[in-house]
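Report on the structure
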Amino acid sequence: MFLKEGVNMPIKRTAAFCNPRFIEPLDSNIMYTRRSPHFSRILSRLGIHRRPFYAALYNVPRKSALTLAGILTLHLFLESSATATGVIADFENTADVTSWSFYNGGEFPGARGAIISATSLNRKCAELQYVFTPIQGSTAAFDPHYVLVQHTVSAQQSTGAIAVRFLQQLSSPDLNISIRITDATGQTLQYAAKGIPPLTARSSGAWRETNIDLAKPSQYWSGANDGVVHPPIAKIAVLLDATGKRDKGYVRFDDIELVGAPSSATTLELTGGTLIAPGVSLGTLAERTGVNLHFTNNTPVLDKIKTAGLRWVRMDFTWSTIEQVAGTYNFSSFDTLVTTAEARGLSVLAILDYGNALYTGGAMTPPRTTQAINAYAAYCEAIARHYVGRNVVFEIWNEPDVAGFWGGSPNAAEYALVLKAGVASVMRGNANARVITGGLSTPYELTYRYWDTLENLGAMAGASGFGTHLYTDGPPEERWTDILRLNDRVARVMPGKALWCTEWGFSSTRLSTTNPKNGHDSVARTAQANRVVRELLVGWWANLPLIVLYDIYDDGSNAQEPEHNFGLLAQDLSEKPAMTAVRTLLSFANGRTLAGLMQYNNAPSGVHVLRLDGSTNKVYIVWAEETAPAFTLLIPDLRAQIKSMTGQTLSATTVGGKLSLSVTPSLGPVFVQIPSDTSAPSVPANLSGKATSTTAVSLTWTASTDNVAVTGYGVYRNNTLAGTTASTSYSDSGLNLSTSYAYSISAYDAAGNISARSSAVSVTTLSASSSSASSSSSSSSSSSSSGTSPGTPGLPLSGGSSASPDASGSGIATNSSSAASSGGGGSLGIYSLSMLLIITSVRRIA
């Protein structure tokens, strides 16, 4: 039961439905897939994508679906690897929760709760509830911290386990979830279980997949007390920590599985996944990418920014600099910045910030009195009026939730007054201006409570956007949780507006692995480049209107000081790997659209692939998070160009007519550029056939050729697709005796180009009286019309996915090309071929 969130695919659920252990219902908004313990691996082994497979099973008899599922399960049993895994619980039956024992954290009295069976987003699951509200009338000690549920694990389930995988859904994002393991020595090992919604999720309420490395406990005690799991595992527990909360809530969890080491390294076929489209146009990357400055006049640096492809700069337009005499505003130094930026096609995000000694008593003391707030408002109005018609957007303060930027004592209610005054004053100065709320610091629970106050006071009314900073020392992808959570808030508080990321960056010092840490180390600077590129990709995929990198150059020369090592350039303005990587990314993104995120059946957690579509080629951006394993990437087009994140050509080996590349987390994003293929394979020739029984015939033909590679062949019986194959022969069975059938063959490639059909042959099955004799085949002079794409009622000719059939010829969803070769080949997605083959097979089983 494995959940992924994907594209809209409303499909009616029929009464005659297959086993719910294999298939989860689809709703009209989000498509979910689920698996029994090994089912997705069955499909993956057979080269079949879960989504089209499940969709096909919706409209076939239950008997057929169950029979096919049984056959596939048998296939896996016969072909399975030695990898040990154990499904602890899948909660398909409501009684499953009774095998879990509840504990209320008695050492911290007052906690109550329960475990119940639940259903969420069409998924059956367990729900661990907590109640941390005071007990009316009780005088007993009250200090609840956590609740947990525990389950006994069999030795067979835990054999060879190196990780725990499960799904979770929280009632509140600020709950802390942990997994506890008790090993054979009685040692308890605890692991933080922070689940991250998949990048395909567009709601903070989505199920989150969680993967835990058993070699990395956060705490351990008792027994061997060495932090090492001593098998077999005796017990597993799910712990919900809500320390400090005095409310009610829950964690829902499902599909808890102990995972063994893979029997072989993961291999991904680049074009063998399903494309998850964003659902909206994401525009270009450059138009939403900027960088922070700390100067108003530095033409050489602005030139470097332009050359890199960035299109925004962000700078403090400090109140104390502009208004040094009460009521007099001098914009001269900032005019220089705006003019030189505009001359290079750069827009400016002007931060209206910090105190003014004329009114607040200090340069870093915010306006707290009515007089000071009115003076700040006048400054905001004057600056907005001054830059009417210029490429300037305004931001009301910088990180007002940080003590250093708010007079040593952040206060959301105080900032709410300043924000209201600032937004209203900017709009008075220029009714067409765009003004956003001040970007708050790194999202954490205090920040969210700060936002709650602003929301409750109505402080964000009238603003054009909602500012945030997304700093993290972890991988950029972990901020997806906060992006979803903040987007939900924006939709609620500021309908029609968007989340702007006005600062996000990585210090090479913090990424250094040396002792002491060295931000100038080449490995640390390369790690910085890796994460900077990924933050831009995450921000683009999230459709953030602006992602501002912090910052343009290092603020100092101390290699051990984190604040001195955020720059894309070194302090001497020499280019660091981060600047090279940003320029490389923007060059590949230039002129291309973000078509979607590729999803693979067998992709390890933390592996991501985005596809960019251009007029003459496609670019796949492939990367692995720091916790992901190395994997082999197979590229089916030998013409592909492969570049590193800094633009260097990467060498790949050729294996079986495909390029093979080893991808590791430290490699960073890899760019694979594949020329568009609009040429169909040649028409198959020399088709011949003979009857082999009263119900079967055998066909053979000469292989087609293609400018890239022939992926497979479609076999048509009486002008209807009967099946597909990767070979140049095909056996067709389930026929009627003494009946003549007309066969023709078409070839297709990985891009979905399909040749015209071959000349047809007629084959007659044997009669009952002559079943041992062979029917002869006779050639027909007719062939299918050039350029016609064969279609099948009820199946789409194109869809939002990108893939190719695997070597076995099993069809995989693809995006059909509409272009045909000069040979007259039509265009039909492999999706149609594969789906019809599956449905045909299922119907035969029935």
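Report on the accompanying structure. (Residues numbered from 1 in each chain as written. Predicted model: local features only at pLDDT ≥ 70, side-chain atom pairs only at ≥ 80, totals over all residues. Heavy atoms only, no water.)

With respect to the overall build of the protein
Broken down by element type, the protein carries 15 helices and 38 strands. Here the protein, with 846 residues, has 54% of them falling under the buried criterion. For the protein, the proportion of contacts with a sequence separation of at least 24, taken over those separated by at least 6, is 72%. (Helix = DSSP H or I, 4+ residues; strand = E, 2+ residues; numbered from the N terminus. Buried < 20%, exposed > 50% of the residue type's maximum accessible area, 1.4 Å probe, protein only. Contact = heavy atoms within 4.5 Å.)

Quick notes on the side chain of Thr509
Along the chain, the position of Thr509 falls in helix α12 (residues 508-511). Among the polar contacts made by the side chain of Thr509, one reaches the main-chain carbonyl oxygen of Ala559 at a distance of 2.9 Å. Each residue touching Thr509, except ones within four places of it in the same chain, is listed here: Lys517, Gly519, Ala559, Gln560, Glu561, Pro562 and Asn565. (Polar contact = N/O pair within 3.5 Å; in protein donor to acceptor, adjacent residues only side chain to side chain.)

Here's the deal with the pairing of strand β25 (residues 617-624)
For β25, the tally of buried residues reaches seven of eight residues, placing the bulk of the element in the interior. Looking at chain direction, strand β24 (residues 607-613) and β25 are connected through seven bridges and run antiparallel. Of the residues in β25, the one forming a bridge with Leu610 is Ile621. Linking β24 back to β25 in an antiparallel pair, the connection comprises three residues. In this sheet, strand β30 (residues 670-675) lies alongside β25 in antiparallel orientation, the contact comprising six bridges. (Pairing = 2+ DSSP bridges.)

Some thoughts on the sheet that holds strand β5 (residues 146-152)
Read from one edge of the open sheet, six strands run β2-β5-β11-β7-β8-β10, paired in antiparallel fashion. Of all strands in the sheet, those bounded by a partner on one side alone are β2 (101-103) and β10 (219-221). Taking each pair of neighbouring strands and ignoring which way they run, the sheet shows an average axis angle of 20°. In the sheet, β5 pairs with strand β11 (residues 235-241) via seven bridges, with the strands oriented antiparallel. Paired with His151 across the two strands is Ile236, which belongs to β11. (Axes fitted to C-alpha atoms, helices over the stretch in contact; angles between N-to-C directions.)

Considering the packing of helix α10 (residues 445-456) against helix α11 (residues 480-493)
For any two helices packed against each other, the geometry comes down to the angle between their axes and how far apart the axes lie. Two numbers describe how α10 lies on α11: the axes approach to 12 Å, and their chain directions differ by 5°. Taken together, α10 and α11 sit at an angle that is classed as roughly parallel. Mapping the contact onto sequence places Glu445, Tyr448, Trp451, Asp452 and Glu455 in α10 and Asp482, Arg485, Leu486, Arg489, Arg492 and Val493 in α11. Residues of the contact of α10 with α11, tallied by class, amount to four nonpolar, no polar and seven charged. (Parallel < 35°, antiparallel > 145°, perpendicular 65-115°, else oblique. Nonpolar A, V, L, I, M, F, W, Y, C, P; charged D, E, K, R; others polar.)

Topic: the environment of Gly519
By the secondary structure assignment, Gly519 is in the loop between α12 and α13 (522-541). We classify Gly519 as buried; its relative accessible area is 0%. Beyond its immediate sequence surroundings of up to four residues, Gly519 is in contact with Ser508, Thr509, Arg525, Ala559 and Asn565.

Observations regarding the pattern of salt bridges
Going through the model one piece at a time under the given rule, you end up with 30 salt bridges. With a closest N to O distance of 2.8 Å, Arg314 and Glu503 form a salt bridge. In this pair, Arg314 is assigned in strand β16 (residues 312-316) and Glu503 in strand β21 (residues 498-504), connecting sequence segments 189 residues apart. As far as the burial class goes, Arg314 and Glu503 line up, both buried. Linked by salt bridges that have partners in common, Asp452, Glu455, Arg489 and Arg492 make up one network. (Salt bridge = Lys/Arg side-chain N within 4 Å of Asp/Glu carboxyl O.)

Remarks on the environment of Val532
When you line up the elements, Val532 lands in helix α13. Exposure remark for Val532: the relative accessible area of 4% places this residue in the buried category. Placed 17 residues apart in sequence, Val532 and Leu549 show a C-alpha to C-alpha distance of 7.9 Å. If sequence neighbours within four positions are ignored, Val532 has contacts with Phe506, Leu549, Leu568 and Val582.

Some details on the sheet that holds strand β31 (residues 685-691)
What the three strands build is an open sheet, ordered β31-β32-β35; its pairing is antiparallel. Each edge of the sheet is formed by a strand with only one pairing partner; in this case those strands are β31 and β35 (729-732). For this sheet, the mean inter-axis angle between neighbouring strands, taken without regard to orientation, is 15°. In the sheet, strand β32 (residues 697-702) pairs with β35 via four bridges, with the strands oriented antiparallel. Considered in β35, the bridge of Ser698 is made with Ser731.

Regarding helix α5 (residues 299-308)
Every buried residue of α5 is accounted for by Val301, Leu302, Ile305 and Ala308. Around the axis of α5, the buried residues are gathered within 120° of arc, so they sit on the same side. Tucked into the core, α5 has its buried residues touching β15 (289-292), β16, α7 (332-342) and α14 (577-589). Of the residues trailing α5, Gly309 is marked for its positive phi of about 100°. (Arc of directions from axis to C-beta.)

Some thoughts on the nonpolar core
One finds Leu293, Ile305, Phe317, Leu352, Phe394 and Ile552 to be the most contacted residues of the largest nonpolar core, which totals 107 residues. At nine residues, helix α8 (residues 370-386) tops the list of elements feeding residues into this core. Listed in part, the 35 residues of the second largest apolar core include Ile88, Ala111, Leu175 and Val238. (Core = buried A, V, L, I, M, F, W, Y, C linked by side-chain atoms within 4.5 Å.)

Overview of unusual backbone geometry
In the segment running from Pro231 into Pro232, the intervening peptide bond is cis, with an omega of 0°. One can find Pro232 in the loop between β10 and β11. Phi is positive for Asn122, which is not a glycine, with a value near 65°. Since its relative accessible area comes to 30%, Asn122 is described here as partly exposed. In this structure, Asn543 takes a positive phi of about 65° despite not being glycine. By the element assignment, Asn543 lies in the loop between α13 and β22 (547-549).

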